[in-house]
Amino acid sequence: QRDDAPTCAGFLAIACGSFHSVGLRNDGTVVIWGDSSNGQRNDAPTSAGFVAIACGVRHNVGLRNDGTEVTWGGIGRGQRDDAPTCAGFLAIACGSFHSVGLRNDGT
């Protein structure tokens, strides 16, 4: 249980890493709380436009409404290396130390 967990309403989705959580609000913004000792909350996006979120152990991925991915958080095991910069993603997911995305062409 964390003292910094949000107490407001209006969440569409929630994802949990090992010691941090990310919430997707109905306005398309993300809220992060919990531990940041490995960068889980570093460089968190402050803009709106997110439609999905996912958490790994120490990193996070957000899917924007234009089909692009945004990554933030820990980089100790290459979680954010070579993150795609192109659009066309429909879904995202995270493993412990990796992320995947499904593109609109099925790849």
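It should be emphasised that the depicted structure is a prediction, and the values quoted were computed from it without experimental measurement. (Residues numbered from 1 in each chain as written. Predicted model: local features only at pLDDT ≥ 70, side-chain atom pairs only at ≥ 80, totals over all residues. Heavy atoms only, no water.)

A. Molecular detail of the sheet that holds strand β2 (residues 20-25). If you walk across this open sheet you meet the three strands as β1-β2-β3, and the pairing is antiparallel. Two strands in the sheet have a free side with no partner beyond their single neighbour: β1 (11-16) and β3 (30-34). Taking each pair of neighbouring strands and ignoring which way they run, the sheet shows an average axis angle of 20°. Where β1 meets β2, five bridges bridge the pair, whose relative direction is antiparallel. In the sheet register, A13 faces β2, and the bridge partner there is L24. (Pairing = 2+ DSSP bridges. Helix = DSSP H or I, 4+ residues; strand = E, 2+ residues; numbered from the N terminus. Axes fitted to C-alpha atoms, helices over the stretch in contact; angles between N-to-C directions.)

B. Broad picture of the packing of aromatic side chains. Following the criterion strictly, the structure yields two aromatic pairs and no others. Aromatic pair F11 and W33: ring centres 6.4 Å apart, planes at 70°, arrangement edge-to-face. Of this pair, F11 sits in strand β1 while W33 is found in strand β3, placing the two residues 22 residues apart along the sequence. Note on F11: relative accessible area 30%, which makes it partly exposed. Each ring, one from F50 and one from W72, has its centre 6.5 Å from the other, and the planes form 70°; the classification is edge-to-face. (Phe/Tyr/Trp six-rings, centres within 6.5 Å; stacked < 30°, edge-to-face > 60°. Buried < 20%, exposed > 50% of the residue type's maximum accessible area, 1.4 Å probe, protein only.)

C. Structural context of the environment of G56. Here G56 lies in the loop between β4 (50-55) and β5 (59-64). Judged by its relative accessible area of 4%, G56 is buried. Distance from G56 to S96, taken between C-alpha atoms, is 4.6 Å for residues 40 residues apart in sequence.

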